[in-house]
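# Results of the structural survey
One letter stands for each residue in the lines below.
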Amino acid sequence: QVQLLESGGGLVQPGGSLRLSCAASRMLFNDYTMGWYRQAPGKQRELVATITHTGDTNYADAVKGRFTISRAKNTVYLQMDNLNSEDMAVYLCHAARPRSSNSYWGQGTLVTVSS
């Protein structure tokens, strides 16, 4: 059973930074495109950023220039800078194997932006 375990969420002031981590296990990490999604209360889940096994990245317009996704070994990271209230959400890690139906989600980690 694939496991994705997120960490790094918490309370941060507007303009602050957080770094999220997602540790993957029981999977061939380099076979998967990894991503971060978020879901705020009352809103649909939305894409934040993805990174392929070759390092190609894709970002939502709302986070371009502020967030950076990266991966190393069996972990995917999301560096979030200049956070604002619209970034408050549960952030979920996702793994998808290209050209297959293999898709997995983590449990999520809560990011709260407040002064």
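Here's what I pulled together on the structure shown here. The residue numbering used here restarts from 1 in each chain and proceeds along that chain's sequence as written. The predicted nature of this model means local features are confined to residues of pLDDT at least 70 and side-chain atom pairs, given and counted, to a pLDDT of 80 or more, with totals for whole chains, interfaces and linings taken over all residues. Remark: hydrogens and water are excluded; side-chain values derive from all non-hydrogen atoms of the structure.

Let's shift gears to the sheet that holds strand 7 (residues 67-72). Taken together, 4 strands build an open sheet; the order of strands is 1-3-8-7 and the sheet is antiparallel. Because the sheet does not close on itself, it has two edges, and the strands there are strand 1 (3-7) and strand 7. In this sheet, adjacent strand axes meet at a mean angle of 15° when their direction is disregarded. Across 5 bridges, strand 1 lies against strand 3 (residues 18-25) in antiparallel orientation. Note that in strand 3 the partner of L5 across the bridge is A23. Between any two strands, at least two bridges found by DSSP are needed for them to pair. Only DSSP runs of H or I with at least four residues qualify as helices, and only runs of E with at least two residues qualify as strands; both kinds are numbered from the N terminus onward. Convention adopted: a line fitted to C-alpha atoms gives each axis, helices being fitted over their contacting stretch, and angles between N-to-C directions are expressed from 0 to 180 degrees.

Inspection of the secondary structure puts T75 in strand 8 (residues 75-80). The contact criterion used throughout is that any non-hydrogen atoms of two residues lie within 4.5 Å. With near-sequence residues (within four places) excluded, T75 lies in contact with S21, C22, A23, F29 and S70.

Here N74 shows up in the loop between strand 7 and strand 8. Apart from the residues within four sequence positions on either side, N74 is in contact with C22, A23, A24 and F29.

This part covers the layout of surface pockets. Estimates place the volume of the largest pocket at around 200 Å³. Here a cavity means grid points, on a 1 Å grid over the protein atoms only, where a 1.4 Å probe fits yet cannot get out; a pocket means an open set of points with protein on both sides within 12 Å along at least five of seven lines; lining residues are those with an atom within 4 Å of a point. Around the largest pocket, the lining comprises 14 residues; the ones closest to its centre are R38, K43, E46, E86 and D87. Of the residues that constitute the lining of the largest pocket, the class distribution is 4 nonpolar, 4 polar and 6 charged. Grid points are joined across faces, edges and corners, and a volume is the space filled by probe spheres set on the points. Put simply, Ala, Val, Leu, Ile, Met, Phe, Trp, Tyr, Cys and Pro go in the nonpolar bin, Asp, Glu, Lys and Arg in the charged bin, and everything else, Gly too, in the polar bin.

By the element assignment, D81 lies in the loop between strand 8 and strand 9 (89-96). Using a 1.4 Å probe on the protein chains alone, a residue whose accessible area is under 20% of its type maximum counts as buried, one over 50% counts as exposed, and one in between counts as partly exposed. Owing to a relative accessible area of 29%, D81 belongs among the partly exposed residues under this scheme. Considering only alpha carbons, one finds D81 and R66, 15 residues apart in sequence, at a separation of 5.1 Å. With residues up to four places along the chain from it excluded, the contact list for D81 reads G16, S17, R66 and F67. Think of a polar contact as two N or O atoms within 3.5 Å of one another; within protein, one of them needs to be a possible hydrogen donor and the other a possible acceptor, and neighboring residues in sequence only count if both atoms come from side chains. Side chain to side chain, D81 and Q79 meet in a polar contact 2.9 Å long.

Attention shifts here to the packing of aromatic side chains. One pair of aromatic rings is described through two measures. These are the centre distance and the angle between the planes. Pairing of aromatic side chains here covers Phe, Tyr and the six-membered ring of Trp, requires ring centres within 6.5 Å, and sorts the geometry by plane angle: under 30 degrees stacked, over 60 edge-to-face, intermediate tilted. Tallied over the full model, the rule gives 2 aromatic pairs. Ring geometry for Y32 and Y104: centres 6.2 Å apart, planes at 50°, overall tilted. Linking Y32 in the loop between strand 3 and strand 4 (33-39) with Y104 in strand 10 (residues 103-105), this pair joins segments that are 72 residues apart in sequence. Using a relative accessible area of 26% as the deciding quantity, one classes Y104 as partly exposed. Placement of a charge over a ring requires the Lys NZ or Arg CZ to be within 6 Å of the ring centre, with the centre-to-atom vector within 35 degrees of the ring normal. For R19, the ring lying beneath its charged end belongs to Y77, and the centroid distance is 4.0 Å.

Attention shifts here to the pairing of strand 9. For strand 9, the tally of buried residues reaches 6 of 8 residues, placing the bulk of the element in the interior. Sheet topology note: the strand 4/strand 9 ladder contains 7 bridges and is antiparallel. Its bridge partner being in strand 9, G35 is matched across the sheet by H94. Strand direction decides the pairing type here: strand 9 and strand 11 (residues 109-113), joined by 3 bridges, are antiparallel. Paired with V90 across the strands is L110, a residue of strand 11. In the sheet, strand 9 pairs with strand 10 via 3 bridges, with the strands oriented antiparallel. Within strand 10, the residue paired with A95 across the bridge is Y104. Between strand 9 and the antiparallel strand that follows it, strand 10, lie 6 residues; R99 among them carries a positive phi value of about 60°.

Geometric descriptors of this kind do not, in isolation, establish any biological role.
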